[in-house]
Structures are given as C-alpha cells and as structure tokens.
Amino acid sequence: MATINDKQVSVLCRNVHKKYGHGNNALHALQGVNLTLFQGHIYGLLGPSGCGKTTLLRCMLGRLHKDSGEITVLGEEPGTVGHEVPGCLVGYMPQETALYSEFTIGETLTFFGRLHKMREFEIKTRIEFLLEFLDLPAKSRIIGQLSGGQQRRVSFAVALLHEPELLILDEPTVGVDPVLRERIWQHLVELTKSGQVTIIITTHYIEEAKQADFVGMMRKGALLAESPPQKLIDNHRLQTLEAVFLKLCQQKQAPEDISSALSDVSVNYQTAEYLSVNQSHSSDEEVQKSYEEADEYTSLLGNKDKQVKNLGSSYHSNNSGCQQCTANCETCIPSGWHILALFIKDLLRFKRRPGFLVFQLVLPVIQVVLFSLAVGGTPRGLSIAIVNEENPPQFSQVYLQSLNNDTIHQVPISNLSDAIDGVKQGHYWGIIHMGPTFSPDLIKRYMAGFKVDNDTIEGSTIKVTLDMTNQQIAITLTQETLNSYQQFADIIIKGIGGNPLLAQLPVVFTEPIYGTTDSNFTDFMAPGVILSITFFLAVGLTALSLIIERKEGLLDRIWAAGVSSVELMVAHVMTQFNVMFVQITLMLVFILAVFHVPCVGSVALVFFLTLMQGLVGMAFGLLISACCDDENTAIQVSLGSFYPTLLLSGIIWPIEAIPHPLQYLSYCLPQTFATDALRCIMLRGWGLAYIQVLRGLLVTIAWGTVLLLAAVIVIRVRK
C-alpha cells in the first residue's frame, strides 16, 4: 500500500464526483469529495440519510463508476484486474441485513466463506470463533427465526468472517438497541488494535461516532470536514459532534456550494490531522505544507512513470482464508470457487423449500395432463333438434339410428318453427329436418338417375341447420352428419340391389404420407405446447431471482465478495438446469407414454430440442430479472410476452393463416422455428438431415446465446 510520511494509506479519494440523471434534474450525489484513511484506524462517515455516504462506499467497492476524480483502495483502483477489491481484501456489511432467511447461521457463514475461497476447516474455525465472539445463537438456528439484533450480528459476522484488511460497514447500528450498538463499537475498536485492519463505518447517529479515530461529516454529497472527533469539538468550542455538524452546515448560505465554501475548514481537519502535524492547525504554513504533500501524492498516483513508496496491494499473513488471486483473475476467467459456492447456495435454497420444489417439478406434468384431457377431444352430448315429418318414419329412422349417440343427443321436435326458436334460445346446437316424403323420394332419386326431378331431390334431402358461433362444434356436427349419411346410403343402396360405391363422393382420400387418418388437433398442438410450457416455466424460474436478491441487498453483498456477472449467471443456469431437466423428463413421460401422443422420430432429439428451448426461456427470464427493479414489473413483462409468443409462433394455429406482414414478426420469435422442427420430428420422423429440424435447433441455440449475453451485459452495466 502507498505511504505518506511513513503512514500506510488504505483509502484515498481525491475530488470524487458522482451524479444520477442528466441535465437540470441530475442529482449530485458526490461533489468533489476528498478523503484520506490510514491503515489501522476507524473512520466514521457521518451525515443524514441521502447525503451520499452509501454512494461513496459503493464507489470505493467498485460497485459504482465515479464520474470524475480518483479513488485508491489498498493501493489500487477498485475493480482492477487481479486486485481483490471487491473481493477477499474487503468485508462489506450493507444497510440491509442481506441474509438468506431460510438458511441457518452456519450455512450462511459457510456460503460466504466459500465465496471468499476459504477452506472448509478455516470456515469451521472462524464460525466457532464468531459465534462466541458476537454471542450468537447456535449455528443451526434459522436466520428468519432470529431477532433483528441477532440478524444484525450475523450480518456483522459475515463481514468479519474472512479477516479482511478493510471493513466497510454501512449503517451497521441502524435499528439496533443502544446496548448492542455499544457492543458493536467495542468489537470495532478491538479489531483495529493490531493496526492491521482499517474500518469505514457510516452512521447518521452522529454522537456514537466519538469512538472512531477520525470522523468525516457529509451533507448533500460534500465532505464538510474530517478530524478526530474530540478535536472537532474542541476547535469549535461546542459540546457535541451534532452541534459541530449543525454549525458547519450553517456557516455558508448556499448548501450546493458547501464543498468550495468550506475549504478552509476541510484543510484544517482533512489533511493536517492525517499527516500528524503536531503544531496548531491555525498555522497557515502548516496547512499549506499538508496540502502540498497530499497534492504530490495524488499526482504520483496519476503518473505511470513515477513510483510511490510501497504502492501496491498486500495480503496479511493472518488473512489465511483468502487465497492469492490466481491466473484466472488475470484473464477474467470465471472463478470455479464462486460458481460452486453460488450453485450450492441455490441447491440449499431448494432444499429449504421442498414444497415449492415439488410444485415446480409437478407443475409441467399438471399442465400436460390438463392439455391432453381438455384439448383435441371430440365434443359429446351435443343437443340437436330432430324434426322428422315422415309418418310413419322409414328410411328417416334408419338415418337417425346411424348418428353417433355419444356425440349427438337427439331431441325430437314436432315442427320446424319450434326447433328454430330452440336454437335461437341456445337449447340446441342445430336442426336435422326431413320432409314427409323422404323415403319414397329417396328411392325414386336413386332409381331415376339422371331423369330425377327437382321435387324428388328436395323431398329426399336431409336439411341440417347449425349454430355456427362455435366453429369446433359446428365442424364436429358437420362431420358426424356426413359420415352417418355415408353409412346410411350404403345400407339403402344395398337394399335396392345397387352398387354401394355409388353413395361415395367422387373424391377419395387415400392413406396419408405422414400422420394417420384419425389425427386430431391434439397431435398438431402437442409439440408447441411442450415447448411453450418448458419455455415459460423456465422464464418463471429465473425472472424474479435477481430482483428478490437485489431488493434484499443480497446482490450487493455478493458483488462485494468479488463475484462477477458471468459467474452469477452461470451458477443460476446450472441450478435451474437441473430442475428443468427433471421437469422435461416427467412432462415427456406423461405426454408420450401415458397419453400416447404420437412421436415417430427420435425421442432423444425431442428431449434435446425441448431442453434448449428451456435454456432460452431461462435466459429470457434472467434478462427480465436484470432489467426490472421490482417483482410487479417483471411479472407483467413475463405475462405480457406469453400470449404474443403463443399466438404468433404457430403453436395453436398455422402460421400460414397469419396475415403476411405479421408472419415476419412470427419468424423473429424464439419458438416459431423450434415448434415447426419439433412437429417434423414427432409427426414426420425427421432428423437433423432435414433443414427444418436443423434450422429450429440452430435458431434456438442462437436465441439462448444472444439472450444470455444481453443479460450479462445488462447486469454488468447496472452493477
């Protein structure tokens, strides 16, 4: 680490600016902050909520990019490749408790120990020490069952676990009772006695910061002053730190110009004290000397051709839990330690919620069962008004007996007008009407041949009038009445000694090339349904994962441990992949083996294509989770994408029926080509040698890659 006057500098900030937004509405969170923190000290960063304390800490951790200025932490800029800030060199306690409520104390500390690359025996030793040191309950206690104060102490233990060189504690005492607050401060003082640990602690309880070695007072993004707390009180001839803070805020008229207007105050307390100037702070020459030394150091940091004494990061011998940054860090290869720790953490969360896990595994099976039972079957019990005016009924009765009674429920009606009224009132789906001379006219029609007259044709015609508001029911009734007439005509023609083939239409459908003559709508929809269930369940698995962790402060803590966006993404994909593998297996077993949906192609290829679609859905869910800030927005985006994808991807209706301009949008969706490919595999038996199948698989892989990269980029930008 760098030194000034033989003192090691842990944190150095020079003229740091950070704003949110643009133009006149921009919020200036940091306005020219200058801060110097030497090793082995406690630095209390004081100020009200919203004054920029958390923003400054995030910049120190490399979580936020500053707009301008310089920040050096433990010898290098945060986020520098190979420098473990964020990472093992820093212990971070955010404002929130940021703990997994379903974990035990031991599981929580073990998880963060793995993130910091500690060995199992080191983690165990540290857990035993921290449980006793912080007077925590047994390590088997669930976090969610602890009191607020106990959770605070566990959160504190996480920051201390790997014995970091720098502790950054953001409002650790907020909402904590005075007794526990005093104990936390005692722990901090004890930690710095060795001179190896440096602590930055933020608080808006100004008076409690008297125990810090130095305090910095912030307001509206500017550092008003920094000095030992008692020195501030003595120099301003006041009784409390709070009174000093109030006086500093009132010294200048314009709050937005605090940084420049109070420069004389900042000089006294910001540089001279840190450089151990033993003379009185009222000396202008000493103040100028302090500034010259600080400016010289700052210029050296920015000059690559010059060397600063002891500049560079170092590891303490007592920091055995953290291993040296390996070559993997230098080349930005994802850390196997981090991925493994995150993967085990996600599996443990599933273990802690067995009901939710079972529901996730069973849900696709339930959806497939409901689809197979509810879609594609033949409607039954359709009430049809029968108006048979033939008396006595002869051939008309034979025709009515040929109708399928499971499908058609015949309701005799005496006259046509009553039947029409019944259809209008919704009692019947249609009318079958036969005239009084149906039988003799039918015989005459077949016997007369080309010489038959119009009256005979009219009298021998069966008139069917349908309610066409339900197309599927209307199609079913049409097919049933035509099929029944075919059987009826065979009987009549045989009875009069004719050739029964005369009753057939002169159009004959031979054996189909693909499929069967009794194929139904279920066979057409099944491939698309399999993919859509897999896709949107995968979206649901991941769409809320990052949002929940972000809102609970868990992501901040994970980033501070040095986890990268790629590592986080890979761990999530690995975890959800296992769940999705079981989901797809169960779903295909039910739809193929139980409900006998035809699959004449390779089942392995069906499984692989479905699995790839699940990965696309998972990537889409991660992208939603990365882009959205709250659960409601993520749910709306997920649901909003459901119907357009379902309707435009050819899942429930052929793409050829879509208006031509809209077809181009359909081709841009991730499930369109995949659905076509899966139909070709299941119903035609095609393999990868066919362009339709290969295209569907390649497009699916491309979609998954693009969405995963987009999610990584968004997470990295927002991080």
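Values in this document were obtained by computation on a predicted structure and should not be read as measured data.

Visitor: What should I look at first to understand the overall build of the protein in this one?
Guide: For the protein, the helix and strand inventory stands at 27 helices and 14 strands. The long-range share in the protein, meaning contacts at least 24 apart out of those at least 6 apart in sequence, stands at 74%. Here the protein displays about 33600 Å² of accessible surface, and carbon together with sulfur accounts for 57% of that area.

Visitor: Would you mind going over the side chain of aspartate 441 with me for this structure?
Guide: In this structure, aspartate 441 sits in helix H16 (residues 438-448). No salt bridge is formed by the buried aspartate 441, whose closest oppositely charged neighbour, lysine 444, lies at an N-O distance of 5.9 Å. A polar contact is formed between the side chain of aspartate 441 and the side chain of threonine 437, at a distance of 2.6 Å. Beyond its immediate stretch of four places on either side in the chain, aspartate 441 contacts Asp455, Thr456, Gly459 and Ser460.

Visitor: Would you explain the pattern of salt bridges in this entry?
Guide: Two side chains of opposite charge can pair, provided their charged atoms sit close to one another. Taken as a whole, this structure holds 17 salt bridges when the rule is applied. Here glutamate 107 and arginine 352 are joined by a salt bridge, their closest N and O atoms 2.2 Å apart. Separated by 245 residues along the polypeptide, glutamate 107 in helix H2 (residues 105-115) and arginine 352 in helix H12 (residues 336-352) bring together distant segments of the chain. Note on glutamate 107: relative accessible area 19%, which makes it buried. Residue glutamate 122 is joined to arginine 119 by a salt bridge in which the shortest nitrogen-to-oxygen separation is 3.8 Å.

Visitor: Would you mind showing me how to read unusual backbone geometry here?
Guide: Note on backbone geometry: most residues besides glycine have negative phi, and most peptide bonds are trans. With omega at 0°, the peptide bond leading from valine 85 into proline 86 counts as cis. Relative to the helices and strands, proline 86 resides in the loop between strand S5 (68-73) and strand S6 (90-93). Following asparagine 391, the chain continues into proline 392 via a peptide bond in cis, with omega recorded as 0°. With a phi angle near 55°, arginine 237 is a residue other than glycine that sits in the positive phi range. Among the secondary structure elements, arginine 237 is positioned in the loop between helix H6 (229-235) and helix H7 (241-250).

Visitor: What am I meant to see in the sheet that holds strand S4 (residues 42-46) here?
Guide: Working definition: the strands of a sheet are paired by backbone hydrogen bonds and lie parallel or antiparallel to each other. On the basis of which strands lie adjacent, the open sheet formed by 6 strands has the order S6-S7-S8-S4-S9-S10 and mixed pairing. Strands at the two margins of the open sheet, each flanked by one partner only, are S6 and strand S10 (222-227). Strand-to-strand twist in this sheet, taken as the mean axis angle between neighbours without regard to direction, amounts to 15°. Across 4 bridges, the pairing between S4 and strand S9 (residues 214-219) is parallel. In the sheet register, glycine 44 faces S9, and the bridge partner there is valine 215.

Visitor: Mind showing me how you'd approach the packing of helix H4 (residues 148-160) against helix H5 (residues 178-192) here?
Guide: Between H4 and H5, whose axes approach to 11 Å, the crossing angle comes to 15°. Here H4 is positioned roughly parallel relative to H5, judged by the angle of their axes. Here H4 and H5 pass one another in a crossing that is right-handed. Contacts from Gly149, Arg153, Phe156 and Leu160 of H4 reach H5 at Leu180, Arg183, His187, Leu188 and Leu191. For the contact of H4 with H5, the residue count by class is 5 nonpolar, 2 polar and 2 charged.

Visitor: Looking at this model, I keep getting lost on the side chain of threonine 36. Mind explaining?
Guide: Structurally, threonine 36 can be placed in strand S3 (residues 27-38). With relative accessibility at 4%, the residue threonine 36 sits in the buried group.

Visitor: Could you clarify how one ought to interpret the nonpolar core in this entry?
Guide: Considering soluble globular proteins, one finds that nonpolar side chains tend to be buried as a cluster. Leu115, Leu169, Leu188, Met217 and Ile591 are the most contacted members of the largest nonpolar core, which has 116 residues in total. Among the elements that make up this core, the one with the highest residue count is helix H23 (residues 603-627) (14 residues). Each residue touching leucine 115, except ones within four places of it in the same chain, is listed here: His338, Ala341, Leu342, Ile558, Ala561 and Val563. Formed by 30 residues, the second largest nonpolar core is a distinct cluster that contains Cys13, Val16, Leu35 and Val85.

Visitor: In this structure, what is going on with the sheet that holds strand S13 (residues 430-434)? I would like to understand it.
Guide: Spatially, 4 strands are ordered S12-S11-S13-S14 in an open sheet, and the strand pairing comes out mixed. In this open sheet, the two edge strands, each paired with only one partner strand, are strand S12 (408-412) and strand S14 (463-466). Going from strand to strand, the sheet's axes swing by 25° on average, the running direction of each strand aside. Pairing of strand S11 (residues 382-388) with S13, which is carried by 5 bridges, proceeds in the parallel orientation. For asparagine 388, the partnering residue across the bridge sits in S13 and is methionine 434. Its contacts with the sheet place helix H15 (residues 416-424) against S11 and S13, and it is angled at close to 165° to S13. Packing against the sheet, helix H18 (residues 471-495) makes contact with S11, S12, S13 and S14, and its axis sits at approximately 170° to S14.

Visitor: Please clarify how the pairing of S10 should be interpreted in this entry.
Guide: Regular strands place their side chains on alternate faces of the sheet. Across the 6 residues of S10, 6 count as buried, placing the element largely inside the fold. As defined by bridge partners, S9 adjoins S10 across 5 bridges and the pair is classed as antiparallel. The partner of methionine 218 across the bridge, within S10, is leucine 223. In this structure, the hairpin formed by S9 and S10 is closed by a connection of 2 residues, where lysine 220 is found at a positive phi of approximately 50°.

Visitor: I tried to follow the layout of surface pockets on my own but got confused; where do I start?
Guide: Over the atoms rolls a probe the size of a water molecule, and in doing so it shows where empty space is left. Estimates place the volume of the largest pocket at around 1800 Å³. For the largest pocket, the lining is made up of 40 residues, of which Gln479, Glu480, Thr481, Leu482 and Asn483 are closest to its centre. For the lining of the largest pocket, the secondary-structure elements that each account for two or more residues are helix H13 (354-374), H16 and H18. Counting residues per element, the lining of the largest pocket draws most heavily on H18, which supplies 12 residues. When its residues are assigned to classes, the lining of the largest pocket shows 20 nonpolar, 17 polar and 3 charged.

Visitor: Mind showing me how you'd approach a nonpolar patch on the surface here?
Guide: Together, Leu688, Ile691, Leu694, Leu698 and Ile701 make up an exposed nonpolar region whose accessible area comes to about 430 Å². Topologically, isoleucine 701 is positioned in helix H27 (residues 691-718).

What counts and what doesn't
- Here, residues in each chain are numbered from 1, in the same order as that chain's written sequence.
- Two thresholds apply to this predicted model, a pLDDT of at least 70 for residue-level local features and 80 or more for giving and counting side-chain atom pairs, whereas whole-chain, interface and lining totals are computed over all residues.
- Side-chain measures were taken over the full set of non-hydrogen atoms in the model, leaving aside hydrogen atoms and water.
- Numbering of helices and strands starts at the N terminus; helices are DSSP runs of H or I of at least 4 residues and strands are runs of E of at least 2.
- Here, residues are in contact when the closest pair of their heavy atoms is within 4.5 Å.
- Only the protein chains shown count as covering a residue, and every accessible area follows the Shrake-Rupley method with a 1.4 Å probe.
- Think of it in three bands: with a 1.4 Å probe and only protein chains considered, a residue is buried below 20% of the maximum accessible area for its type, exposed above 50%, and partly exposed in between.
- His is not counted here, nor are the chain ends, while Lys and Arg score as positive and Asp and Glu score as negative.
- Think of a salt bridge as a Lys or Arg side-chain nitrogen and an Asp or Glu carboxyl oxygen that are within 4 Å of each other.
- Any pair of nitrogen or oxygen atoms within 3.5 Å is treated as a polar contact; in protein, a donor-acceptor pairing is required on top of that, and neighbouring residues in sequence qualify only through side-chain atoms on both sides.
- A pair of strands is considered paired only if DSSP assigns at least 2 bridges between the two.
- Helix axes are fitted only over the stretch in contact, all axes being lines through C-alpha atoms; the angle between N-to-C directions runs from 0 to 180 degrees.
- Throughout this description, any angle smaller than 35 degrees is read as roughly parallel, any larger than 145 degrees as roughly antiparallel, any in the 65 to 115 degree range as roughly perpendicular, and the remainder as oblique.
- It is the rotation of the near helix from the far one that decides the hand of a crossing: anticlockwise by less than a right angle makes it left-handed, clockwise makes it right-handed.
- Three categories are distinguished: nonpolar for Ala, Val, Leu, Ile, Met, Phe, Trp, Tyr, Cys and Pro, charged for Asp, Glu, Lys and Arg, and polar for the others, with Gly belonging to the last.
- Residues belong to a common nonpolar core when they are buried Ala, Val, Leu, Ile, Met, Phe, Trp, Tyr or Cys residues joined through side-chain atoms within 4.5 Å.
- Grid points spaced at 1 Å and placed over the protein atoms alone form the basis of the search, with a cavity being a set where a 1.4 Å probe fits but cannot get out and a pocket an open set showing protein on both sides within 12 Å along at least five of seven lines. Lining residues have an atom within 4 Å of a point.
- Grid points are joined across faces, edges and corners, and a volume is the space filled by probe spheres set on the points.
- Patches were defined on residues exceeding 30% relative accessible area and lacking a salt bridge, with like-charge contacts within 9 Å and nonpolar side-chain contacts (Val, Leu, Ile, Met, Phe, Trp, Tyr) within 5 Å.

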